[in-house]
Amino acid sequence: MPDGPSPVMRCFETREEASRAAASFASEALVQAVVGEGKASFMVSGGSTPGAMFKSLAGMKLDWPKITVGLVDERWVAQDDPGSNERLVKESLLIGHAADALFLPMRTAAASAEAAAPERALAYAPHCAPISVVLLGMGPDGHTASWFPGSPSLPDAFAPPGGAPVVAVNAAGCAGAGPYPIRLTLSGPAILNAQRAMLLIFGSEKRDILTRAVDAPAAEYPIRHAIDGLGERLETFWAP
């Protein structure tokens, strides 16, 4: 396999500096989208990494009522569950000035993730055509969104039938999924069509993983699919 493109990486001495820089990048991209199109969409990842970035961004005076915040992926758990990305976003981002943003959930009252996926795909589609800014993360297994190596759902997540922007994932047995194997996620077409993309990662381990992923098959390191598809639209923010 030929070498993949090297992602742009902005390195910082501290995680606080990286988080502030990432927040500034997102705010500038959202402002540009609102000015140019009258609205913007911001799809965000969960986990512990973006917390400081979210709080910094929440304090910025953007035209939040014109910005829709959605999720890159969501675990199929109740909205008040500690593992819920919706809960994280509401507690860390949708506060302060950003409380005026519109929020687009993934978890619904449907009986299963599979049952919810078609309706969520319809709800997300207008905000993924294209996404103004998408914030990605990366796990120690090289996954991003809920694209897990070894998951039987990975091919459909990369290239879903009909190009649906949201698909259901079963990552049972995948170490990176932890205790939350059933999920909804943005698909390859939704993420790769984004106008601007960010990857926020911390620690030497993840920097090394990203370096390996550039030359590895996407099936083994799914972040490679995002790197290849987004190209120069993807900017990485890293700190030790």
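Residues numbered from 1 in each chain as written. Predicted model: local features only at pLDDT ≥ 70, side-chain atom pairs only at ≥ 80, totals over all residues. Heavy atoms only, no water.

**Structural notes on helix α7 (residues 204-213)**
Restricting attention to buried positions, one finds in α7 the residues Lys206, Ile209, Leu210 and Ala213. Down the axis, α7 shows its buried residues gathered within 100° of arc, on one side only. Elements that come into contact with the buried residues of α7 comprise β1 (8-11), β9 (196-202), α8 (223-230) and β10 (234-239). (Buried < 20%, exposed > 50% of the residue type's maximum accessible area, 1.4 Å probe, protein only. Helix = DSSP H or I, 4+ residues; strand = E, 2+ residues; numbered from the N terminus. Arc of directions from axis to C-beta. Contact = heavy atoms within 4.5 Å.)

**Here's the deal with the packing of aromatic side chains**
Counted by the stated rule, this structure contains three aromatic pairs. Taking the centre distance of 6.3 Å and the plane angle of 10° together, the rings of Phe12 and Phe237 count as stacked. Note that Phe12 is positioned in the loop between β1 and α1 (15-37) and Phe237 in strand β10, a separation of 225 residues in sequence. Per residue, the accessibility class of Phe12 equals that of Phe237, and both read buried. Aromatic ring contacts, followed pair by pair, group Phe12, Phe25 and Phe237 into a single cluster. Cation over ring: Arg107 sits above Trp76, and NZ or CZ is 3.9 Å from the ring centre. (Phe/Tyr/Trp six-rings, centres within 6.5 Å; stacked < 30°, edge-to-face > 60°. Lys NZ or Arg CZ within 6 Å of the ring centre and 35° of its normal.)

**A closer look at the side chain of Thr144**
Positionally, Thr144 belongs in the loop between β6 (133-136) and α5 (154-158). Residue Thr144 is classed as buried on the basis of its relative accessible area of 1%. Once residues within four sequence positions are removed from consideration, Thr144 is found in contact with Leu136, Gly137, Pro222, Ile223 and Ala226.

**A short note on the sheet that holds β10**
Strand order in this open sheet of seven strands is β1-β10-β9-β6-β2-β3-β5, and the pairing throughout is parallel. The open sheet has two edge strands, β1 and β5 (102-104), and neither has a second partner. The mean inter-strand angle of the sheet, taken between neighbouring strand axes irrespective of direction, is 20°. Note: β1 against β10, four bridges, orientation parallel. From the neighbouring strand, Met9 faces β10, where its bridge partner is Thr236. Packed onto the sheet, α7 meets β1, β9 and β10 and runs at close to 130° relative to β9. (Pairing = 2+ DSSP bridges. Axes fitted to C-alpha atoms, helices over the stretch in contact; angles between N-to-C directions.)

Read these as layout, nothing more, since geometry by itself doesn't imply function.
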